[in-house]
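One-letter residues, chain by chain:
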Amino acid sequence: MSQAPSDAGGPHLEHPDDEAPAVETPPAEPSERPRDPRWWGSVTLPVGGVARWRAGPSTVFAQRRASDWRVWHETEPDAYAADAERAQRVDDEPPDTAPSARFSFAETPDTITVSPSLADRPVIVRPESALSIPPGERVTLYASAPVWMALQLQVRRPKRGSKGPSPVVVTELPSFRPTDTWFGPSTREGELCYAVRTAARTEVADLPLRPHRAVTPVTVENQAATPMEVTRIEAPMPFLALHVDRNGRLWTDGVLVIRGADDDTTVKVTPGAPAGGERLAGPRDTRSFGQTIGKTFSRLLRGESR
Amino acid sequence: MIDDPGLETFAFLSALADPALWWAVVRAALYLVVGVVLSRMVRFGLKRTLTHLESGQRMLLARIAAYTVLGLFVISAMRQFGFDFTVLLGAAGIVSLAVGFASQTSASNLISGLFLVLERAVQPGDIVTVGGRTGEVISIDLLSTKLRTFDNLLVRIPNETMVKSEIVALNRFPIRRFDLNVGVAYDSDLGLVQKTLLDVAARNPLCLDEPAPLLISQGFGDSSIDYMMAVWAKSEQWLTLRNTITREVKEAFDAAGIEIPFPQRTLQPGLTPLAVQLVAPSGDASAAPTGGDGTEAAPGAGAPGSGGADMGASGNPGATGARPS
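What you see is a predicted model, and the numbers here were worked out from it, not measured in a lab.

**Q** Sorry if this is basic, but what is going on with the overall build of chain A here?
**A** A count of helices and strands for chain A gives 1 helix and 22 strands. In chain A, which comprises 306 residues, the proportion classed as buried is 41%. Intrachain contacts of chain A at a sequence separation of at least 6 include 79% that bridge at least 24 residues.

**Q** Please explain the pairing of strand β20 (residues 254-259) of chain A as it appears in this structure.
**A** Walk down a regular strand and you will see the side chains alternate between the two sheet faces. Residues and elements named next belong to chain A. Only one face of β20 is buried: it carries Val 255, Val 257 and Arg 259, and the other face, with Gly 254, Leu 256 and Ile 258, is open. Bridge count for strand β15 (residues 213-222) against β20 is 5 bridges, and the pairing is parallel. Each residue of the ladder has a partner; that of Asn 222, found in β20, is Arg 259. Here β20 pairs with strand β21 (residues 265-270) via 6 bridges, running antiparallel. The partner of Val 255 across the bridge, within β21, is Val 269. In this antiparallel pair of consecutive strands, β20 and β21, the connection spans 5 residues, and Asp 263 shows a positive phi of 75°.

**Q** Which parts of the structure should I look at to understand unusual backbone geometry?
**A** Residues and elements named next belong to chain B. With omega at 0°, the peptide bond leading from Glu 210 into Pro 211 counts as cis. Along the chain, Pro 211 falls in the loop between α7 (190-203) and β7 (214-220). If you check the backbone angles, Asn 152 has positive phi at about 65° while not being a glycine. Secondary-structure assignment places Asn 152 in the loop between β3 (144-149) and β4 (154-158). Residue Asn 152 is classed as exposed on the basis of its C-beta count, with 7 C-beta atoms lying within 10 Å.

**Q** Sorry, what's going on with the interface of chain B and chain A here?
**A** The extent of an interface is frequently quoted as the accessible surface area lost upon association of the parts. Contact residues are listed per partner, giving 14 residues for chain B and 14 residues for chain A. Of all the secondary structure elements, the ones that give two or more residues to the side of chain B that touches chain A are α7 and β8 (225-234) of chain B. Looking at side-chain class alone, the side of chain B that touches chain A contains 9 nonpolar, 1 polar and 4 charged residues.

**Q** Is there a simple way to think about helix α2 (residues 19-49) of chain B in this case?
**A** Because an α-helix packs 3.6 residues into every turn, residues spaced three or four apart end up facing the same way. Residues and elements named next belong to chain B. Here α2 spans 44 Å end to end across 31 residues, near enough to the 45 Å set by a 1.5 Å rise per residue. Considered for burial, the residues of α2 that qualify are Gly 35, Ser 39 and Arg 43. Close packing links the buried residues of α2 with α3 (55-79).

**Q** What's the story with the pairing of strand β2 (residues 50-55) of chain A in this structure? I'm lost.
**A** All names here are of chain A. The buried fraction of β2 is high, at 5 of 6 residues. Of the strand pairs in this sheet, β2 and strand β3 (residues 58-64) are connected by 6 bridges, and their pairing is antiparallel. The residue bridging Ala 55 from the neighbouring strand is Ser 58, located in β3. The loop that links β2 with its antiparallel partner β3 comprises 2 residues; one of these, Gly 56, has a positive phi angle of about 60°.

**Q** Any chance you could explain the environment of B:Tyr31 here in plain terms?
**A** Residue and element names in this part refer to chain B. The residue Tyr 31 is located in helix α2 in this model. Separated by 45 residues in sequence, Tyr 31 and Ser 76 place their C-alpha atoms 6.9 Å apart. Setting aside its immediate chain neighbours within four residues, Tyr 31 contacts Phe 73, Ser 76, Ala 77 and Gln 80.

Procedures and definitions
Residues numbered from 1 in each chain as written. Chains lettered and ligands numbered in written order. Predicted model: local features only at pLDDT ≥ 70, side-chain atom pairs only at ≥ 80, totals over all residues. Helix = DSSP H or I, 4+ residues; strand = E, 2+ residues; numbered from the N terminus. Buried ≥ 20, exposed ≤ 12 C-beta atoms within 10 Å, placed from the backbone. Contact = placed C-beta atoms within 7 Å. Pairing = 2+ DSSP bridges. Nonpolar A, V, L, I, M, F, W, Y, C, P; charged D, E, K, R; others polar. Expected span 1.5 Å × (residues − 1).

Take it as geometry only, folks, not as evidence of what the structure does.
Next comes the structure, spelled out in structure tokens:
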């Protein structure tokens, strides 16, 4: 059973990107090359074997036993710990604490896969400093949000039509648990989202490479005659796909926001990462984005011109 | 009157042989069948068409409409046998009066139940507080509303009481606020206090970023400077937030060296200070209190005029060996 991402994780404080250490800081390695930020991947283990993944402040251990897989999830207090460690088998003993989760099988599958996935709710991104877009301008902001670590196991499916085992996400663990927030016209209606604060950078070169965060390019076009104050941006994560570029940076599909001349707002998803790259996962919500735009995303830039 | 039983039987058989009677029976049966079918159609039709209403309201209206239709057809069927309902209507007033007096409470609860359902004040699944009792609404029945309290007791509240009482629905809206009252010592750095409280709110993932946490100064209290910290959470997670944030505020205050003071009382003795004399506990001369330099306290220490025993400071009332003279 897949664990809801919103229910996992411990308390952390979200910092603006500017205050966080950058991952590009080269570690003291002989090669003097930055460590590969790709932390996801598969590991095949014998019974009793332990594997470890590290993405930012989160470390996941998984141990294969004869009748169950045991998973430990540890989170550092420093939300911006920028470590990344590719999936690997370790000789260490698993943590001394009780496992966070167990998954029982008659005979445990030998391969476990951990892959990044986007949040299951929209993420409200608040620029740290007020951002104003003059009339007629079109700018692209880059906002990052933490990803979840999705654990997959091969599950035998005795269903009609299924041929052999197939990978199933058994749990999702947040690399960093953002704070909840409410997004709606009143305290009576709206939806629960995650909140992150960001520097809302406008240059790709300025973006720090953080292995546990995915960057969403938000293009805002102001066609109205008055300046547009961007106080918060709702990134519709369930509708976005996840990509990785050549440097190992995670990207989501782009979001295009157009404020029309009559002050109406149009929101579109622009598929693909800016620098191309490989698509890692599709959107969680497979409905057409246009079907829900009227309900959820027409207020994407609510709070403008306040 | 026919006194002869034979004649009576004959008359009965003659009546049975009357085709008009059988025709009336057929017509009455037809009315009943049509009435039953039509009432069912009305019930199912209303259930399907009134989709904008709550299930309880839909059921109620469908039943009322179905029974009305059925009742009309039953009356029509009985009229086929010559029943005269004008007599019944005449008696109905008296009967209603008698029934009304007899079933005043039940009727009141019944009508209150109708209002409860139609007003949608509470619905099954709501967590409500009524008359000091908090619990989950299990059902709204004809005469009463059933609550399941959190200690798993069933509480039956008459619908009339429900209508008359103030009902607080705890989970009707998706998010809910928790107000934490906290007092800090007068020598605290208030800027640090405010920053610490807001940091705690920002760190707790269940505490909503928006609506933003609110910090309201409650003024200068007897022993502390009081604040109210208002934070929001999803209604389902309100209790968890309440428990976690209280602990986190205490931990953050401890880490920042901010004191949450106990109630304090300053005693002013007036013009003459209260004299305090230190005495040794009875039967243990060796445990006699000594001065700060290790010498035994002088018996006269703290005597009026010595200036050494002013009770103006807030002292611990449980201090041993000190007693006002």
